[in-house]
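# Summary of structural features
Here's the letter readout for the chains.
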Amino acid sequence: MDVRKKNPHGYEQLDDETIKELMHKIFKNYQSWCKYLHFDPILESPRDDSHRRQQAQLLYIGLYLLIWGEASNIRFMPECICFIFHHMAKEMHGFLFGNVQQVTGETLIIHPKGEEAFLKEVVTPLYEVLRKEASGNKDGKASHSSWRNYDDLNEYFWSGKSSKLKWPLDGKGDFFVNPDTAKPANKKDNQPVGKPKTNFVEVRTFWHLYRDFDRMWIFFILALQAMIIIAWHQRGSSNVLFDDVVYQSVSSIFVTAAFLNFLRAVLDIVLSFKAWRSLKSSQILRYLVKFIVAAFWLVVMPVTYSRSFQNPSGLLKFFNNLGADWQSHSLYYYCVAIYLIPNILAAFLFLFPFLRRSMERSDWRIIVMLMWWAQPKLYIGRGMHEDMFSLLKYTLFWITLLISKLAFSFYVEIMPLIEPTRTIMNLTVSSYDWHEFFPNVTHNIGVVIAIWTPIVLVYFMDTQIWYAIFATLVGGIYGAFSHLGEIRTLGMIRARFESVPSAFSERLVPYSKEETRRNLQDDTTERISIAKFSQMWNEFILSMRNEDLISHRERDLLLVPYSSGEVSVVQWPPFLLASKIPIALDMAKDYNEREDADLFKKIKTDDFMYFAIIECYETLRDILIALLVNDGEKKVIWRICREVERSIRNQRFLKEFRMSGLPLLSDKLDKFLNLLMEENEDDQSYRSHIINTFQDIIEIIIQDVMNNGHEVLKEVYIFQENNKKEENFQNINIELLLSRSWREKVVRLHLLLTVKESAINVPMNLEARRRLTFFANSLFMVMPRAPKVRNMLSFSILTPYYKEEVLYSTDELNKENEDGISIIFYLQKIYPDEWKNYEERISDSKFVSAGKDRAELDRQWVSYRAQTLSRTVRGMMYYREALELQCFLDFADDKAIFGGYRAIDKNQSDYRILKEQAQALADLKFTYVVSCQVYGMQKKSRDIRDQRCYANILNLMLTHASLRVAYIDEREETVNGKSEKIYYSVLVKGGDKLDEEIYRIKLPGNPKIGEGKPENQNHAIIFTRGEALQTIDMNQDNYFEEAFKMRNVLEEFLKTHHGQRRPTILGIREHIFTGSVSSLAWFMSNQETSFVTIGQRILANPLRVRFHYGHPDIFDRLFHLTRGGISKASRVINLSEDIFSGYNSTLRRGYVTHHEYIQVGKGRDVGMNQISLFEAKVANGNGEQTLSRDVYRLGRRFDFYRMLSFYFTTVGFYFSSMVTVLTVYVFLYGRLYMVLSGLERRILEDPSLRQSKALEEALATQSFFQLGLLLVLPMVMEIGLERGFRTAIGDFIIMQLQLASVFFTFQLGTKAHYYGRTILHGGAKYRATGRGFVVFHDKFADNYRMYSRSHFVKGLELLILLIVYEVYGHSYRNSSLYFFITFSMWFLVASWLFAPFIFNPSGFEWQKTVDDWTDWKRWMGNRGGIGISPDKSWESWWNEEQEHLKYTNMRGRILEIVLAFRFFIYQFGIVYQLKISHGSKNILVYGLSWFVMLIALLVLKMVSMGRRRFGTDFQLMSRILKALLFLGFVSVMIVLFVVCNLTVSDIFAALLAFMPTGWALILIAQACGPCLKRIGIWDSVMELSRAYEAIMGLIIFMPVVVLSWFPFVSEFQTRLLFNQAFSRGLQISMILAGKKDKAPSS
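Figured I'd write up the structure that's included with this text. In this text the structure is predicted, and so the values were computed from the model without any measurement.

Definitions and limits used
- Residues numbered from 1 in each chain as written.
- Predicted model: local features only at pLDDT ≥ 70, side-chain atom pairs only at ≥ 80, totals over all residues.
- Heavy atoms only, no water.
- Helix = DSSP H or I, 4+ residues; strand = E, 2+ residues; numbered from the N terminus.
- Buried < 20%, exposed > 50% of the residue type's maximum accessible area, 1.4 Å probe, protein only.
- Contact = heavy atoms within 4.5 Å.
- Areas by Shrake-Rupley, 256 points an atom, 1.4 Å probe, with all protein chains shown as cover.
- Arc of directions from axis to C-beta.
- Phe/Tyr/Trp six-rings, centres within 6.5 Å; stacked < 30°, edge-to-face > 60°.
- Lys NZ or Arg CZ within 6 Å of the ring centre and 35° of its normal.
- Core = buried A, V, L, I, M, F, W, Y, C linked by side-chain atoms within 4.5 Å.
- Pairing = 2+ DSSP bridges.
- Axes fitted to C-alpha atoms, helices over the stretch in contact; angles between N-to-C directions.
- Parallel < 35°, antiparallel > 145°, perpendicular 65-115°, else oblique.
- Left-handed = near helix turned anticlockwise from the far one by under 90°.
- Nonpolar A, V, L, I, M, F, W, Y, C, P; charged D, E, K, R; others polar.

### Quick notes on the overall build of the protein chain
- Within the protein chain one finds 74 helices and ten strands.
- In the protein chain, which comprises 1642 residues, the share counted as buried stands at 57%.
- Look at the contacts in the protein chain between residues 6 or more apart in sequence, and 79% of them connect residues 24 or more apart.
- Here the protein chain has roughly 71500 Å² of accessible surface; of this, 59% comes from carbon and sulfur atoms.

Here it is in structure tokens:
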């Protein structure tokens, strides 16, 4: 920090300001903690002596960092570290500045301790508390409320209790009470005796959503109530609002508000009850007072409201009587006014955020007392309010959105239902189609509920869609103002390339103020600027060549000469000048004997043509003169040139030169330059060829082009009288050809003369084009000026790695799948141009890597196209390469810059020193640590894969000298005569042939006690350095040109935003590089791209709710290391560990920004099952977030509009997805009730109802929302913004043709299922998705296992609902209207049932379908047991599927049982529709149906028992039993047909009735599993489940079988899946059919 902006010469001591800034950064949290707890911070230092003061301050800093470095898992508890530092600083201060104890005044004696004293006496006791608490989570299966996580233990140090802990730490202290204390006999396992939770309890319930975002729910509920009241009274009157009755009715919303506030108060008490023992009495008092006040208003509001009516009735009359004889009708409005006082005060403070911010942050006791009611006393989450300008922006956004949403809801959702509802309520229905338990219910309330419930759900859900629309519009506008997409094609690059070097110099070349001022006045520096641009541009182009994105020819066309000093014009890349010379030659031919002015005017209208002609002329002149040795011959060339220049000056060029000779001259020059570029094996022959061609060129010039050429020859004879003409131009300097710079000049001239129109499309590779256009575009975006490398912020990169692929082995490359496809063959077909470029590169002797054979190079080529660690490391090391180049450009003199970065002579001492200085400075500014957690284990392992991973990681270290690897070393050591496991954090680097250890830090125990990835990051973070830390996942990549902008991005940390706030997290956009693999990968890529661009753009500005959504964000390292690190690690609750660091940063007054002028590559999952696992993982994570304290605090502490932004962009999105699915269920079950009860028929056929269509049409409105197509709007906007709207619309249409809607609808089910299950039962876990290439076919059994509960069961349920609704309502319903209403539901059912097969490679190939059926039958029949995996046996899988029910609480079990009761409605409704019931509505009919159901179950049980008991030893007995059962069944059916008038349709109807009942019994049995196991009927439940699973599998499998019969279906599916690859030449149909060409590749 101190060396920045200082003269390196004469540098002696640290600056006081630097120390002050460092003290502020490191101790800001400590000082805030002291102030909060009213402690005096121990940071005193001598004031009279600056040298001693500086020493003392450095000692404090050193002490804190030493504590932090050895704190291990305690680093997740920042206030615990503050506590440790506070006491240790007190000891150090006493030791250094006065040996007197503050309390007793006695002499302070410091006793020396062992080197591991801090670890043993401080860290280990605290770690043991953490470990024991973590063990209470039972591997993530225990309830969150039964154990204390990192946050609970850290928040202990937010209270005054921490001051009671003795120092040195006493194991008997309150904090160290062992949670494993023996439990009393009357306590159950899930009722811990340990310490209570701290401040918050993570209870599994959906009520968290209401509690966290209560203001939002209250607003929407009150708005809905008001709109319904207004709509109900609005009969053609537009002034309904001014009607007294309406006004009085609308004012009832305050009664509702009182109830909702009471509900919030109750939830506050109930949900935090297990933390009450840890709360302060003032906090408990606050909860109780809030409850009492809410209860008071709950009584007062209804009472006073009822008194405002003259003649109340019903419920109002009851409350009116409670009001006794209060006569004043206006009392209610006085109560409302008083009730609203807190809201008015909150609104006032909302308008003055700086005032609210100051009050919340204040630790003055008087302010704390005043704020006691508004917010609970907590250390974090105070004063998070934004500045006035930011507040106005997001407030305007949400006010506009809410007005649009409420207007739409009122006019489209609510108003159309009012009249049908009024009519239905006035109808009298006297008869029903079933046994009605409540025939006397008035107003057909059941029908009203069935109609209104889906609309109400849509009302609460559609805000998410309105957010998508507004976010798209605002995000697009912000993107346009950020200059995104201004350069998006090669044509646009060519058009603006002239301004690219100046933009580069302005943004990426550092200048001091004096240099900038001088540059504005002095044009001579332009060449230096262009030369610097050339260095960077050429390195960029060469990096793309090394990555095989471009060919040798494309490289040459894109390169810029390092120096333009020898040419009078700017030398642009040849791809800009393509065809300019041939066009100019054709143009010149048409201008014979005309005026020069016309020709030159036409040439000068095209700047690039003019530059190309001048450059070719001057370069050719220089080449010809340089080749000649004889001075006289050189003078001939000079004389010709003077003639050319003189004739141009005198405007006689066309008269003195014949243009008809130029084509011949051009052809000869082409041949001449080709000769110069050849490798000269035979010097004599080569030389003679060159001489002959040279002489031909001179002859053409003199005889065919020049009119006065013979005069030039005469001068030759005058200078060389003794020589003959034929002997001229024979002595040439062929040694020049060995010069690299000279050869580059020849190559460039040849390109300029010969390249035709084809160069306009250079480069051909789409990825190379994207990178070129993005980089060029980013130079015109707003970014901070680049500092010199010496002055830039230093930074580190941290990549967590576990056991993923590092580098593919040769076996893996060539291993063929079941279709005969290897990975290398697959990639050759997907990336044919890159494979061709690769072969060209390795065949070039100058590019062959030393010591690497072809197999090694093949491994690298494949691995760099996969999601491997080697790809990530290669990408991140571009930072170091860019820094070295930037150092060179900062410190090199003009001569070195003009000479070229790669062309400098390293043997010269000055340049050698410059190179060493650049490398040293790059090492000082950049550190890359890969946290390979199990590297030590892999090193010792005998497993082949582990050994290969170890060797590959070691090879990466040996290749990249600045790469560091951190790992956890586990050793067995003898301690006090006992063998114990000892853990170390170790940092290693590459040595000569093996790794070399740099640091080894002993740990208190196994560091993995929470979530694996954050613990892995935490153990390695101590090895990072610098002021910034970029987190990079191991599925990411980087690009050289983007690395060049890193120092600009880091400058963002120094920019203040709205006062004194500086960013704490810098968000960076990502490019998803896996989009070209398949259509699924393309869908996922587009979805992810829209999120990381337009999504995060609007989150950062204007909404101000961007957090940390994974890598590659850049952290303010010092801010976060003093505040808990870059992630949270508590088991399960912090499953989505990344976003919690963003939450933590915001709660601790951090500032998160987002920047789009730089990007990092990222890979995504590419196969259906991979993507589903990823979506399940994210949905699980959001379910856990919903329960977390972070979401609660942000939801409560944000202002209203920022809270809305927070909700709809995090957990609200997943809740809305779940509500979308729930709406379909509610709608269909409501219609099922209406159809089976006969209410729908009677209402629609009632003669008094004239609007039967209006009712149906009103119900159709909500179906529009279930498709969710509006959620792809951000995707279309971002593609349009960056690639053009024509491209965006085309991509959107192609995506729909490739069934993108099916894919997104299917993933909607994934989100809803896993989010809901996580909140209800838990079971969230990290799901390894695997990041390989999906070129294999998933078996039917695999798909069934993965999607059975999340999609197939739900899809079949909806299918039965739709069938029943269609069958029993068909006779009286408009069929077209029915289809319109239910179209989206049929689409959803089809997507959920068949998407896994549509997007499964070879999903409809006949042979694979046959194999899948065989595998399915084997899996269904296999018995389970201990050690048998779920993929081997249905029983094992079935038991695993119920894992979540084993650990759920009683509330979860009861809810499962209640939900299962919905399946009984089928049986109850359908049995009364059977013809065998003869129209009877008696309850006995339903009872008889249960008797039939029980008989059927008993028969199945008998068959099962018979098969088990007699199947092996008594075959005859078994057959007799089956025969008797069959005969009995036939007899019963005959009797029913003959006597009871049973029909065939009744049989099918009975299946629809009884099948759901059986499934309900299975669900209830699973919820009551422990009881049934004790009773002994669990095996029967399992067998019944097996039968159901077999039937479901058969129903789903049959359409696949039918479609597999037709070969064209398989071909169509292949094109559907791999269309992207088809457009790039992939013959995937041949691949998947196994018809690979076995000919060896060249």
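### Overview of helix H72 (residues 1607-1617)
- Among the residues of H72, Val-1609, Ser-1610, Gln-1613, Thr-1614, Leu-1616 and Leu-1617 are the ones counted as buried. The arc enclosing the buried residues of H72, seen along the axis, measures out at 160 degrees, which places them on a common side. Facing away from the buried side of H72 by over 90 degrees, the exposed positions are Pro-1607, Phe-1608, Glu-1611 and Phe-1612.

### Here's the deal with the packing of aromatic side chains
- Under the criterion given, the structure shown has 117 aromatic pairs.
- Their ring planes at 90 degrees and their centres at 4.9 Å tell us that Phe-410 and Tyr-411 sit as a pair that is edge-to-face.
- What makes Phe-410 buried here is its relative accessible area of 9%.
- Consider the rings of Phe-1083 and Phe-1399, whose centres lie 6.4 Å apart with planes at 90 degrees: the pair is edge-to-face. Residue Phe-1083 is located in helix H47 (residues 1079-1100), and its partner Phe-1399 is located in the loop between helix H61 (1375-1398) and helix H62 (1406-1421); the two are separated by 316 residues in the primary sequence. By the burial criterion, Phe-1083 is buried, and Phe-1399 matches it.
- Just above the ring of Phe-780 sits the side chain of Arg-496; from NZ or CZ to the centre is 4.2 Å.
- We note Arg-871 situated over the ring of Phe-1073; from NZ or CZ to the ring centre the distance is 3.6 Å.

### Focus: the nonpolar core
- Counting 288 residues, the largest nonpolar core has Phe-27, Phe-85, Phe-175, Phe-213, Trp-398 and Phe-1399 as its most contacted members.
- Top element by residues in this core is helix H53 (residues 1211-1237). It accounts for 15 residues.
- Other than its neighbours up to four places away in sequence, Trp-398 contacts Thr-463, Tyr-467, Leu-1103, Tyr-1201, Leu-1204, Ser-1205 and Phe-1208.
- Ala-578, Phe-608, Ile-625 and Ile-1158 belong to the second largest nonpolar core, which has 162 residues in total.

### Points about the pairing of strand S5 (residues 995-1002)
- In this sheet, S5 lies alongside strand S4 (residues 978-990) in antiparallel orientation, the contact comprising seven bridges. Pairing of Gly-990 across the sheet is with Asp-995, part of S5.
- Turn length for the S4-S5 hairpin, with the two strands adjacent in sequence and antiparallel, is four residues.

### Examining the sheet that holds S5
- Taken together, ten strands build an open sheet; the order of strands is S5-S4-S3-S2-S1-S6-S9-S8-S10-S7 and the sheet is mixed. The sheet terminates laterally at S5 and strand S7 (1036-1037), the two strands that pair on one side only.

### A look at unusual backbone geometry
- The omega torsion of the bond from Trp-167 to Pro-168 falls at 0 degrees, within 30 degrees of zero and hence cis.
- The residue Pro-168 is located in the loop between helix H5 (150-155) and helix H6 (207-212) in this model.
- The peptide bond linking Asn-1101 to Pro-1102 adopts the cis configuration, its omega dihedral lying at 20 degrees.
- Its location among the elements puts Pro-1102 in the loop between H47 and strand S9 (1114-1116).

### Details of the side chain of Glu-547
- With respect to the secondary-structure elements, Glu-547 resides in the loop between helix H22 (525-546) and helix H23 (552-558).
- A relative accessible area of 7% means that Glu-547 is categorised as buried.
- Among all residues touching Glu-547, those that are not within four sequence positions of it are Arg-771, Arg-865, Arg-874 and Tyr-878.

### Some remarks on the packing of helix H3 (residues 78-97) against helix H4 (residues 117-135)
- The geometry of H3 relative to H4 is characterised by a closest axis approach of 12 Å and an angle of 150 degrees between their N-to-C directions. With respect to their mutual orientation, H3 and H4 come out roughly antiparallel. When the axes of H3 and H4 are compared, the crossing they make is right-handed. Taking contact as the criterion, the partners of Cys-80, Ile-84 and Met-88 in H3 are, on H4, Phe-118, Val-122 and Leu-126.
- Looking at side-chain class alone, the contact of H3 with H4 contains six nonpolar, no polar and no charged residues.

### Structural notes on the pairing of strand S8 (residues 1065-1072)
- Counting buried residues along S8, eight of its eight residues qualify, which places the element largely inside the surrounding structure.
- Inspection of the sheet shows S8 paired to S9 by two bridges, in the antiparallel sense. Counted as the bridge partner of Leu-1066 is Ile-1114 from S9.
- Pairing of S8 with strand S10 (residues 1152-1162), which is carried by eight bridges, proceeds in the parallel orientation.

### A closer look at the environment of Leu-279
- By the secondary structure assignment, Leu-279 is in the loop between helix H9 (253-271) and helix H10 (281-307).
- According to the relative accessible area criterion, Leu-279 is buried, its value standing at 9%.
- Expressed as a C-alpha distance, the spacing of Leu-279 and Ser-159, which sit 120 residues apart in the sequence, is 9.1 Å.
- Sequence-distant contacts of Leu-279, that is, excluding residues within four places in its chain, are made with Asn-199, Ile-284 and Tyr-287.

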